[in-house]
Amino acid sequence: MNIVFITPTTALKRFPGYRLAGKLYGQPNSITGPLILGGILKKAGHHVEVYEELNGSVPYRRLFKTTDVFCISVMTSNAPRGYELADLIHEKSDARVIMGGMHVTTLPEEGIRHADQIITGEGEKVILDVVEGRRTEKIVEGIPIKNLDEVPWPDYSILKTPCEAANVISTRGCPYRCTFCTTSRMFAPYRQRSIDNVIGEIRMYKRMGFRYMNFEDDNFTADKERAKEICRRMIASVVLGLDADKKEDIRRNVQFAKNIGAYQLQPAILTPYPGTPVYEQMAKSGRMLTGDWARFDMMNVVFQPKNMSPWELQEEFYRAGAYFYDAESPDEIGKVFGKEYGKRRKRFGRMARLGVWGAHFCSKHIKASIYYKLRNCDRPEPASKLHIPLTAHFTPTHCRENATINQPV
Ligand code: B12
Ligand code: SF4
């Protein structure tokens, strides 16, 4: 069979200017689920191609004619585009559409309105049976793999869109349960790969000629001794807008990331994802500002924060970027990581400042823009008006809440 995996993305992220900024921020890289699942299908004799809309264009016209099964990988912010694609595929071809990933694991009833079948949770153990027609239920529950060393390494030979960095994920899930976190629920329980297995994968990427590799574990330092053994931490990740957060706390966290000499800052606005306790809490107490999934990308405020207005939080996000990627930082980065990184940082800093300027401009002058609405919204819409589900649970039984909910670490 001809099988095509697509990881969709929003219209904004398909825009060439956005792709360019993404390249300056870091090397194009790929979500590994489709590469792992595609690799399993290829090994079973199928022809597989994998595309990421974020990184390049997809030859849909050709694919509509030649593909038997489309597999769409759906997270919350790309769900509307994923559904649009699924409807288009059904209209233009006879291919089947299977969906999987974070969002449809949480809300399979929403996804199944557009797909022929949904696989919830981890797909490795069931993908072949579903594609080859031995499992025909509309919603198939994926089974978490106990021994991660059994998972095949991602197969980059089937990836058709640009990719300069290989993603290494040495664990799945996290021992904690922050109330806003999707992945600790999606990939439960927390599991580690053996260090030998991880090193083997890294060696393979070196042989393949990858110059860059990213550790993309959700909580790489959960087991500090193990983390030290693999490599030293280079990326600082900060969540902005927790109920306990005041502006000073956010600024202190960003300052900390700068003080430790982190190469990259990934400021992320707290995003109440369906399936998390924070989502239910916000939806039920009427604090959600929108039900437009495309805005759930951790760069837009979609809820009413406790200690500041939505726009103030959005501004703190911009401030964090501007402060971290300031005009002096390229020199410091250049000294530690080399000239090439210094230059890259300089270009990224400029693009980031341009983006912030654009968002501010829209917030003041373009009434139809989301930024204008955010700046001028004084009160959230009641959830009933937003048409969002008030509760959403991961369907797999192993993911149901059974642990104490921890505060972020
Ligand atoms: C690497 C990564 C990226 C990379 C590459 C992703 C890409 N090109 O789209 C980059 C940096 C570019 C990125 C970008 C973004 N990301 Co990201 N990313 C990750 C990360 C860290 C690892 C992904 C991964 O490889 N996981 C491991 C593999 C094994 O899991 P998987 O891919 O989900 O696949 C398994 C299952 O989901 C399922 N499955 C997946 N796809 C399919 C498809 C089918 C048909 C089937 C049957 C099954 C199936 O089976 C797979 C095997 O078990 C995850 C966190 C995480 N732990 O997953 C966040 C994560 C997916 N990203 C997230 C977000 C928010 C984003 C951005 C919106 C960030 C932004 N502000 O722009 C963008 C959106 C990109 C887009 N496509 O629109 C969130 C999504 C939350 C949610 N509930 O939607 C996550 C979960 C991080 C988090 N902190 O919560 N991301
Ligand atoms: S520390 Fe919290 S946010 Fe980070 S992966 Fe673990 S549960 Fe999720």
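Residues numbered from 1 in each chain as written. Chains lettered and ligands numbered in written order. Predicted model: local features only at pLDDT ≥ 70, side-chain atom pairs only at ≥ 80, totals over all residues.

Ala-188 connects to Pro-189 through a cis peptide bond whose omega is -5 degrees. Positionally, Pro-189 belongs in the loop between helix H9 (183–186) and strand S9 (191–192). (Helix = DSSP H or I, 4+ residues; strand = E, 2+ residues; numbered from the N terminus.)

Given 3.6 residues per turn, any residue in an α-helix points the same way as the ones three and four places further on. Taking 1.5 Å as the rise per residue, helix H10 (residues 195–208) with 14 residues should run 20 Å; its terminal C-alpha atoms sit 20 Å apart, in good agreement. Gly-209, located one to two residues past H10, shows a positive phi value of around 95 degrees. (Expected span 1.5 Å × (residues − 1).)

Moving on, we come to the confidence of the model for the protein chain. Model confidence for the protein chain is summarised by a mean pLDDT of 86, while 90% of its residues fall at 70 or above. Every residue in residues 394–409 scores below 50 in pLDDT, and together they form 35 contacts with partners more than four places removed in sequence or on other chains. (pLDDT = per-residue confidence, 0-100. Contact = placed C-beta atoms within 7 Å.)

Interhelical geometry of helix H2 (residues 16–25) versus helix H16 (residues 339–365) gives an angle of 140 degrees and a closest axis separation of 8 Å. The angle between H2 and H16 falls in the class oblique. In this structure, H2 meets H16 at a crossing whose hand is left-handed. Note on element contacts: H16 touches H2 through Arg-344, Arg-347, Phe-348, Met-351 and Gly-355, opposite Ala-21, Leu-24 and Tyr-25. Here the contact of H2 with H16 is composed, by residue class, of five nonpolar, one polar and two charged. (Axes fitted to C-alpha atoms, helices over the stretch in contact; angles between N-to-C directions. Parallel < 35°, antiparallel > 145°, perpendicular 65-115°, else oblique. Left-handed = near helix turned anticlockwise from the far one by under 90°. Nonpolar A, V, L, I, M, F, W, Y, C, P; charged D, E, K, R; others polar.)

On to the site of ligand 1, then. Taken together, the neighbourhood of ligand 1 is formed by 41 residues, with Gly-33, Ser-73, Met-75, Gly-100 and Gly-123 sitting nearest. Among the elements of the structure, helix H3 (32–43), strand S3 (69–73), strand S4 (96–100) and helix H6 (102–106) are those that each provide at least two residues to the shell around ligand 1. Here the shell around ligand 1 takes five residues from H3, the largest share from any one element. When we break the shell around ligand 1 down by domain, the ones giving at least three residues each are domain 1 (1–143) and domain 2 (164–232). (Near = placed C-beta within 6 Å. Domains from an automatic or database assignment.)

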